[in-house]
Each structure stands twice: as structure tokens, then as C-alpha cells.
Amino acid sequence: MVFITAVCVFFAAGITLAIIYFFFKYHRKTPDAIGVATREDARLEAAWIIVPLILAMVMFSWGAVIYVDYRHTPADTLDIYVIGKQWMWKVQQPNGVKEINELHVPVGRNIRLTLASEDVIHDFFVPAFRVKMDVIPGNNHYNTMWFRPTKPGRYHFFCSQYCGTNHALMGGWVTVMEPTDYAAWLSGSGAGDNPVATGEKLFAEKACVTCHLSNGTGRAPSLNGMYGAQVLLADGTTVTADEAYIRESILQPNAKIVAGYAPLMPPYQGQLTEEQIIALTAYIKSLQSQPVPAKGSGVAPAGRAETGPATEKR
Amino acid sequence: MSTTPPDPERELPDTHYLNATYGAGIRSWLLTTDHKRIALLYLASVTVFFFIGGVFATLIRIHLLTPGGALVSPETYNKLFTMHGVAMIFFFLIPSIPAVLGNFLIPIMIGAKDLAFPRINLLSWYLYIIGGAFVLYSFSTGGLDTGWTFYTPLSSIYSNSAVTPAVIGIFINGFSSILTGLNFVVTIHTMRAPGMTWFRLPLFVWAHYATSLVMILGTPVVAITLLLAALERIFHLGFFNPALGGDPILFQHLFWFYSHPAVYIMVLPAMGVVSEIIPTFARKPIFGYSFIAGSSIAIAVIGFFVWAHHMFVTGESTYAALAFSFLSYLVAIPSAVKVFNWTATLYKGSISWHAPMLYALGFIGLFTIGGLTGLFLACLGLDIHIHDTYFVVAHFHYIMVGGAVMGYVGGLHFWWPKITGRLYPKGLSEFAAVVLFIGFNLTFFPQFILGYLGMPRRYHNYPPEFQVLNVLSTAGASILAVGYLLPMLYLIWSMRYGKIAGPNPWPATGLEWKTDSPPPTENFHVTPVVDWEPYDYKNRPDLGLAGSRPLAPAHGND
């Protein structure tokens, strides 16, 4: 940052001063005077191509390192869901506590925000933390962003992708708290619905449970232990069962079919809110520690035999 | 040895393109195929759109005087900045220099009688007018509130404003741009006068050649993209709407594939103007002719491969972001080469203080700031913070207004004596150039700071801590407005009352200055033969300057 600014100020000042100096130094002496033609110099041209190129590559590398770090979320994060809709932000803490246009986080933890939109593209922007990320509606897409707050306080956040009439009102405050205060705040905020419990209820209500039997004997694969694992698909490829995959499989199940199953599941596109999808995902994540049945799972651990003759959808 | 100073008794030529009989009255303009008259049709029509866009900008700046918004409702504010962008970009900046100055000058500069396809040239203007009519219809029947970028699904599903007519208007206008580009390319290839080799072409022509390539290759993409958005809006076909299986990010890729190169459509011609003005008022050959010409082509080519730098925080793949950041740094180099060469041209020149020169030097200063702040935005780590803030707004106004508009106004001042045959008031025009420069900086420099502090774009209200800088910006905008109104007034005044200019008032070396001012309909009375190198003052006794000598075979420098 300092380097880029210094280089830019140096060049801007240099060019400006050179122009002003030449402008007065070589001001026309008599009305019919002409200038002295200067010989072109290929070495000079080469120099002012190569030197800026080197400086530019330094800037590029510096920015690239920061960006790669920003896009690579560390492992031990506190996961919070953020949903944008015209024109408000809905936040859900890990224990289910919900906030609107407010985000409470503990100091010194890596915070990961999973971003979803119910309508148009938004962008979650916290200027004080130097982070932003677009919030994009779609079937197989969650953007995530992470940051590590270092100082307790209240900080503005904004929507920075134009999203319609009240775009400018779609902002709020991040409150960074000491971990103990955060814990107290979480428990004092009235226990929100536990997202896992909500998800389990939805799993029954939406009839997911009728096919996705946990013991692997259903018409769809058991979801036990699936989250984070490799899933073998009908076309022979594997995919990591992350949040984006789960989301896509709920909304558009036919996009990726688990090997050995038929495409029977109806798409839930338009039938679930973003919050319901998040709750279902939380429930499926909670099954991660459950035992994987030997048969009837999409999970493709090394060496496990392909599931039986059942021809069903995951 | 030198000829007399400007003769106050000069007269306009008896017949020229403005008074030649083409037919009666208004029809002689509306049915003309003379590139010079068509250029003036464009001049009038882009000025109308500049004025409309300027009124929107004025209202925006007044509204932002107070944190809560001083003037209009949120809906109206969103329409104002959208319509400001659409009017200024598609109907002023993109056609301004190519369709006005390029149209007027390219045939004369290369010694041709007209463009290769005079009727298609007129068709281009009519397409522009029809497209413009659709857009004005959209503005006046509900307005447009999608942002000039038309991001989906906001534009294709959620907006309640008159998106469809605006998109159709821009679609039609695109063909005007494509046809103009084709006309220029064919003309430059096939209609150069004897002796006008490629490396004797004025750099203005090189710049327009590069611009034309971008127009021809880029414009169809944005036309089709906007058409898809319109189809999605009208017939609910799912191209970009995720609820219909579309991908909203796809729109951004397609849109920026044109709209980033479009920045070069705006600024390359301005660079061409500056490359003409600087050697004229320094009275010496431009430094690094072939590097400036080559850098125009390099910008046009590399400019096609940087589009996704508008999308670093959309969640695009990290590898894509790395590649596009790298390429964005590469495209900065040819621009830097131009700036260095222009500055070096001043060295040992014989520099004079005329309005066109002040605009050209102002261009270099403002374009340099605009270009250097582009390095901040191309930097991946920094862009996470400043993307979609006022930093971006300031950056592209430095390029488009500080660069393209300064170039356009400077070019108008430079060739005004050729276009009208008359001079404008010297002192007043220099004063206006200084006012424009100061007003511009006062308007837009504070916006860099606003953006860095975190004020997002397109906000109809803002937290109170941003007010001081916004007030400063609005104050600057009122000075800037004076800087635009003054030239409008005295240029119009000069058409009737200005002093007669004569063929070559500066004097300049280009072919366009060898013919009458205003030129005859056929541009030259006899086909010119070019036997001098570009921007050469030394071997041009016909310019009547001290130090010129007759063209001698095997001459050396100095």
C-alpha cells in the first residue's frame, strides 16, 4: 500500500514537475521560433517500458499474496450465516440467535461469513476490516468471506453492490466484543431456534426423511458422515460435499446424481427460503459424526465397494 | 523569411462545405453524405446528450450536499445516476471524439475526399438518433434505475423502471458505433493520398484505427448481452436469473467483455488528439512516434483481456483473479509509454500558451492520476477494500472526464478554426481551460479519499462523517460547470463573430492544415502528395517559421 502510493506519487509528481519545468524553460522565445528535434533513443524507450513493468509486478505480487490469503479460509472458524435481501441483512449466529442489520462477533477469532441472497446481488462490506464480498443469488453458489477482528468496538457495514431503491439504507453495525461478553450476549439474547433442530424438523416436514434413511436402505443415500467427504457421482467423478454442493442438491438435485441412484428427487427450487436451506444444511452437517452405513451411502471412501443394485437417488 | 503575422483582413474562402449548395435548407443537412457535415450533426447531437447528462450530474451533486440527501427521493436519485451514466457513456463519450472529430478529420488528414462509405456514415448518425430516441423515451416514461451496468437479476427481473426501451436504444446505437468503426478501418486502409505511408499517418489516425478495432470486435458482444437481458425481462427466458437456471455472473462477464474495452474507445481517441496538439505547440516532432502508435494498438489488444478485474469480489476463481490482475498491470505499461513520450516531446521545444495546449497538458496530468489510481484497483488485495466505493468513481472520472472529455474539448479548440474558419477569444479560452482543470480536481479528488474511507457508490444518503468531502466535491462541480459553459458560449459566439482563422493559424504540420478553413466539400482542390515526415517543422518552409529549410535529400538532424 505504502509502496504503491509512493511509486504513484513519485511518477505523478515527476511527470507534473517535468511538464511545468519544460513548459516554462522552453517557452517560445520569438513568435516564429521552432523547437529542436530530439533524437529518438531506443534505450530510453526500453527503460521506461521495463522499469514500470518491474514496479508493476511488485505491486501485483503484493496484492496477489493478500488476495490468496483472503480467499483461503482458515480451518478454525466461527461460522455465521448472512442473508441479504432487498433491503436488509439477516444474520444467524451458530447457536441460532438471529439478528437484523447487526452482527456480533468475538474479538480474536477467525470469523467466517457464509453469504446468501434471496433476490438480487448484494455485497457485504466492512470498511474498517478492509473486506467485502458479493452476495449472489443462485443454486450452487455460496460466497464466503473471513476476517479476524482485533479490537472491540462498533464498525459500520454497508451493502456495496447496487441493489435497487434502498441500497443506501442496507447497512448496519458489526459489534466486536470480548469473548466472554460475546458468550454472555449469545446466551442472553433468548435462545434462538437451534438451527440443527430446525433443520431436523424441516427434514421430516419436507419428506426428505422418507427416502434418505440413515441406515442406507432407502431410495436415496444415507446422509450420515457425508458432509466434508468425497461423494462418488454417476459419471464416475467425485465431488466434495460442501455447503454449495448440499445447496445445489436440494434446489436442483438432478445436477449431480450420486452413483447407483436414479434421479427421483424433486427440485426444491423456490420452495425453501434461504434460512430453511441453511437450517437443513446445518442438520446435514450435524450428521457428519454419525456412522456411515456399509451400503446405501454416497460417500466414496477409498476402497469401499460400490453400493448395491438399488437404483435410487441420493 | 517568415511570412506576415495573422492578417486581420483575411477572408473566408468563397465556397466551402458549409455554404456549398447541396439542395435546399435543412434537407441539405439531413440528407448529406459529406463527412464534415455529418460530423457537425454528431457535434450537435452529442452536445445535447452531454447537456442532459450534465443536468443529471448537477442534481446528483446538489442532492449529496447533506448526509440525508437534500433534493430527491431514493428512487429518483437512483434514476439520476443511472441516466447520467447511460447518457454520458453510450451517447456522449463513446461517439464524441470518433464521430465528431474523427469523422471530420480522418479523410482530410489522410488526403481523401470522404470516408469509404459516405452513405453508411449517414446511416450511422440516424442509428445513433433512433437509439437516442429510445433512450430518451425510457428517461421520460418512468426513467431507468438499474445503474448503467444493468446488472442482472436486478435489471432483468426486479427493476420496475423503463429498462426495455433503454436497452433497445443502446442495442440500436451499438450498430452506429460498429459501422463507424468499419468505415474508419476501410478508409484508413484504402484511401490514403500518395506518399501518406502508414508511418506518416498522424497519431490521431493511428489512435482511431485502434479504437475502430475495439468498436468492431467489442460492440456486438454488449449488444447481444443486453438483448439477452431484455429477452429475460420480456419473455422470462432464463439466461441470467438463477430462479430460471441462469447465472447472474455470466452477465457480468459478457457485459465487461465490451464495457472494459469501451473505456479505451473513450480514451484512445483523446490520446490521439493530445498526440496532435503537443508537437504543434512545442513545434517539434513528437518523441517516439512508433512507440506511441504501437502503444495504441497494444492497449486495444490487451484491453480485451482484462475484463474480469471488475469482478474480483464476485467469488470468481482465485486463479482467474490472479490472471486478470496480472493482465491489468500489463495494460498500464503502454499508457505509461505514451505519457513519457509526450513529456519528452516538450524537451527543447518552442512551447506556447494556447487553449488547446493547456487542455492537452491538463489531459496528461489528469490521465496520469487516473491511470496510476488504476494500479490501486488492479491490485487484488487493495481492490477487496476499494471496489465499488467512491475510489472507483473518482478513478474512472479521472480517465473519462479528465482524460476523454479534456481531450475532446481540447480537440474542439484545436480544430475549431478548421471546422468553422474562425478563431475564438484567446484569453477567455485559456481562462476556461484553467477553470475546467481546477474545477475537475476539486470535484473528483475528494472522492478518492471518500472511497478509501469506505463510502460505497450509488448511495442516496451516507453517514455524516462523509459530509465535508461531499460538500467539497459539490463545490468543485459548480466550478467545473462554469468550465464547460464558458466554451459552449464563446465557441457559439465565434461562429459568427470570431476572427477569420486562415488555413493554418497555429501553424501545424498535418495535411488538414494545407487546405482552406473551412475546407471545400471535396476537402482539397487538388489531390495532395505527402513528401514530408509527420510533425516535421525543420523541413517545412511552407509553414513560414524561422529555422525551417527546404527539404534537402539525405538531411540529418540538428
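Predicted model, so just to flag it, every value in this text is computed and none were measured.

How each quantity is defined
- Residues numbered from 1 in each chain as written.
- Chains lettered and ligands numbered in written order.
- Predicted model: local features only at pLDDT ≥ 70, side-chain atom pairs only at ≥ 80, totals over all residues.
- Helix = DSSP H or I, 4+ residues; strand = E, 2+ residues; numbered from the N terminus.
- Rg over C-alpha atoms; globule rule 2.2 N^0.38 Å.
- Buried ≥ 20, exposed ≤ 12 C-beta atoms within 10 Å, placed from the backbone.
- Contact = placed C-beta atoms within 7 Å.
- Nonpolar A, V, L, I, M, F, W, Y, C, P; charged D, E, K, R; others polar.
- Axes fitted to C-alpha atoms, helices over the stretch in contact; angles between N-to-C directions.
- Parallel < 35°, antiparallel > 145°, perpendicular 65-115°, else oblique.
- Left-handed = near helix turned anticlockwise from the far one by under 90°.
- Domains from an automatic or database assignment.
- Pairing = 2+ DSSP bridges.
- Core = buried A, V, L, I, M, F, W, Y, C linked by C-beta atoms within 7 Å.
- Expected span 1.5 Å × (residues − 1).
- Bend = angle between axes of the 7 residues up to and from the residue.
- pLDDT = per-residue confidence, 0-100.

Draft legend 1. Examining the overall build of chain B more closely. Across its full length, chain B holds 15 helices and zero strands. Rg of the C-alpha trace for chain B: 23 Å, near the compact-globule value of 24 Å for 558 residues, within the 12% margin. By the burial criterion, 60% of the 558 residues in chain B qualify as buried. A separation threshold of at least 6 residues defines the contact pool for chain B, and within that pool the share at least 24 residues apart is 82%.

Draft legend 2. Structural view of the overall build of chain A. What chain A contains, in helices and strands, is six helices and 12 strands. For chain A, whose C-alpha radius of gyration is 28 Å, the value lies well above the compact-globule estimate of 20 Å for 314 residues. If you line up chain A on its principal axes, its C-alpha atoms span 100 × 50 × 35 Å. Among the 314 residues that make up chain A, the fraction classed as buried is 36%. A separation threshold of at least 6 residues defines the contact pool for chain A, and within that pool the share at least 24 residues apart is 67%.

Draft legend 3. A look at the interface of chain B and chain A. Taken together, the contacts link 79 residues of chain B with 71 residues of chain A. At the level of elements, α3 (74-109), α5 (154-158), α8 (248-282), α10 (318-346), α11 (355-378) and α12 (380-386) of chain B are the ones that each hand at least two residues to the side of chain B that touches chain A. Here the residues of the side of chain B that touches chain A sort into 45 nonpolar, 24 polar and 10 charged.

Draft legend 4. Examining the packing of helix α4 (residues 118-140) of chain B against helix α6 (residues 163-190) of chain B more closely. All names here are of chain B. At their nearest, the axes of α4 and α6 sit 7 Å apart, and the two run at 160° to each other. By the angle between their axes, α4 is roughly antiparallel relative to α6. Classified by chirality, the crossing of α6 by α4 is left-handed. Its residues assigned to classes, the contact of α4 with α6 shows 15 nonpolar, 10 polar and no charged.

Draft legend 5. How the structure looks around the domain arrangement of chain A. What the domain assignment lists for chain A is domain 1 (1-15 + 42-72), domain 2 (77-188) and domain 3 (195-289). Distance from the C-alpha centre of domain 1 of chain A to the C-alpha centre of domain 2 of chain A: 33 Å.

Draft legend 6. Looking closely at the sheet that holds strand β3 (residues 98-100) of chain A. All names here are of chain A. Spatial ordering of the open sheet is given by β3-β2-β1-β5-β8, a layout of five strands whose pairing is mixed. Sheet topology places β3 and β8 (143-147) at the edges, where each strand pairs with a single neighbour. Across the sheet, the mean angle from the axis of one strand to that of its neighbour is 25°, orientation sign disregarded. By the bridge criterion, three bridges tie strand β2 (residues 88-92) to β3 in an arrangement that is antiparallel. Looking across to β3, one finds that Gln-92 is bridged to Lys-98. Docked against the sheet, helix α6 (residues 274-286) engages β1 (77-85), β2 and β5 (110-117), running at close to 160° with respect to β1.

Draft legend 7. Structural view of the nonpolar core. All names here are of chain B. Val-274, Ile-364 and Leu-375 are the most contacted members of the largest nonpolar core, which totals 245 residues. Looking at which element gives the most residues to this core, the answer is α3, with 22 residues. Every residue in contact with Val-274, bar those within four places of it in the chain, is listed here: Trp-342, Ala-360, Phe-363, Ile-364 and Gly-407.

Draft legend 8. Main features of the sheet that holds strand β7 (residues 131-135) of chain A. Residue and element names in this part refer to chain A. Strands sit in the order β4-β10-β9-β6-β7 across an open sheet of five strands; the sheet is mixed. Edge positions in the sheet fall to β4 (102-106) and β7, since each of these pairs with one other strand and no more. Neighbour-to-neighbour, the strand axes of this sheet turn through a mean angle of 20°, independent of strand direction. The pairing of strand β6 (residues 122-126) with strand β9 (residues 153-159) spans two bridges and is classified as antiparallel.

Draft legend 9. Structural view of α10(B). Along its 29 residues, α10(B) runs 44 Å from first to last C-alpha, staying within 8% of the 42 Å computed at 1.5 Å per residue. Count one or two residues on from α10(B) and you reach Lys348(B), which has phi positive near 60°.

Draft legend 10. Expanded view of the pairing of β2(A). Residue and element names in this part refer to chain A. Sheet analysis places β1 next to β2, joined by five bridges and oriented antiparallel. Counterpart to Tyr-81 in the pairing with β2 is Gln-92. Hairpin remark: β1 followed by β2, antiparallel, with two residues in the connecting loop. Here β2 folds back onto β3, and the loop between the two strands holds five residues, one of which, Gly-96, carries a positive phi near 100°.

Draft legend 11. Molecular detail of unusual backbone geometry. Residues and elements named next belong to chain B. Cis rather than trans, the peptide bond between Thr-152 and Pro-153 has omega equal to 0°. By secondary structure assignment, the location of Pro-153 is in the loop between α4 and α5. Of note in the backbone geometry, Arg-283 takes a positive phi value of approximately 50° without being a glycine. Positionally, Arg-283 belongs in the loop between α8 and α9 (289-302). Residue classification places Arg-283 among the buried residues on the basis of 29 C-beta atoms within 10 Å.

Draft legend 12. Quick peek at the environment of Leu280(A). Residue and element names in this part refer to chain A. If you trace the backbone, Leu-280 turns up in helix α6. Given 24 C-beta atoms within 10 Å, Leu-280 falls into the buried group. Taking C-alpha positions, Leu-280 is 23 Å from His-122, a pair spaced 158 residues apart along the chain.

Draft legend 13. Geometry of the packing of helix α2 (residues 35-63) of chain B against α4(B). Residues and elements named next belong to chain B. The interhelical angle for the contact between α2 and α4, taken along N-to-C directions, is 15°, at an axis separation of 10 Å. On the basis of the axis angle, α2 is roughly parallel to α4. Seen from above, α2 lies across α4 with left-handed handedness. For the pair α2 and α4, contact is made by His-35, Ile-38, Leu-41, Tyr-42, Ser-45 and Phe-49 and by Pro-118, Asn-121, Leu-122, Trp-125, Tyr-128, Ile-129 and Gly-132, respectively. Its residues assigned to classes, the contact of α2 with α4 shows nine nonpolar, four polar and no charged.

Draft legend 14. Structural context of α8(B). All names here are of chain B. Helix length check: α8, at 35 residues, gives a terminal C-alpha distance of 51 Å against a target of 51 Å (1.5 Å per residue), a fit within 8%. Considering bend angle alone, the principal kink of α8 is centred on Trp-256 and spans about 35°. Of all the 35 residues making up α8, 32 are buried; the element is thus mostly covered by neighbouring parts of the structure. A positive backbone phi angle near 50° is found at Arg-283, which sits one or two residues after α8.

Draft legend 15. Looking closely at the environment of Ala223(B). All names here are of chain B. The residue Ala-223 is located in helix α7 (residues 203-235) in this model. Residue classification places Ala-223 among the partly exposed residues on the basis of 19 C-beta atoms within 10 Å. Separated by 180 residues in sequence, Ala-223 and Gly-403 have C-alpha atoms that sit 26 Å apart. What Ala-223 contacts, discounting residues up to four positions off in sequence, is Phe-171 and Gly-174.

Draft legend 16. Up close: the confidence of the model for chain B. Residues and elements named next belong to chain B. For chain B, per-residue confidence averages 92 on the pLDDT scale, and residues scoring 70 or more make up 96% of the total. Of the regions scoring below 50 in pLDDT, residues 552-558 engages in five contacts with residues more than four places distant in sequence or in other chains. Overall fold confidence for the complex sits at a pTM of 0.90, while the interface term, ipTM, reaches 0.90.

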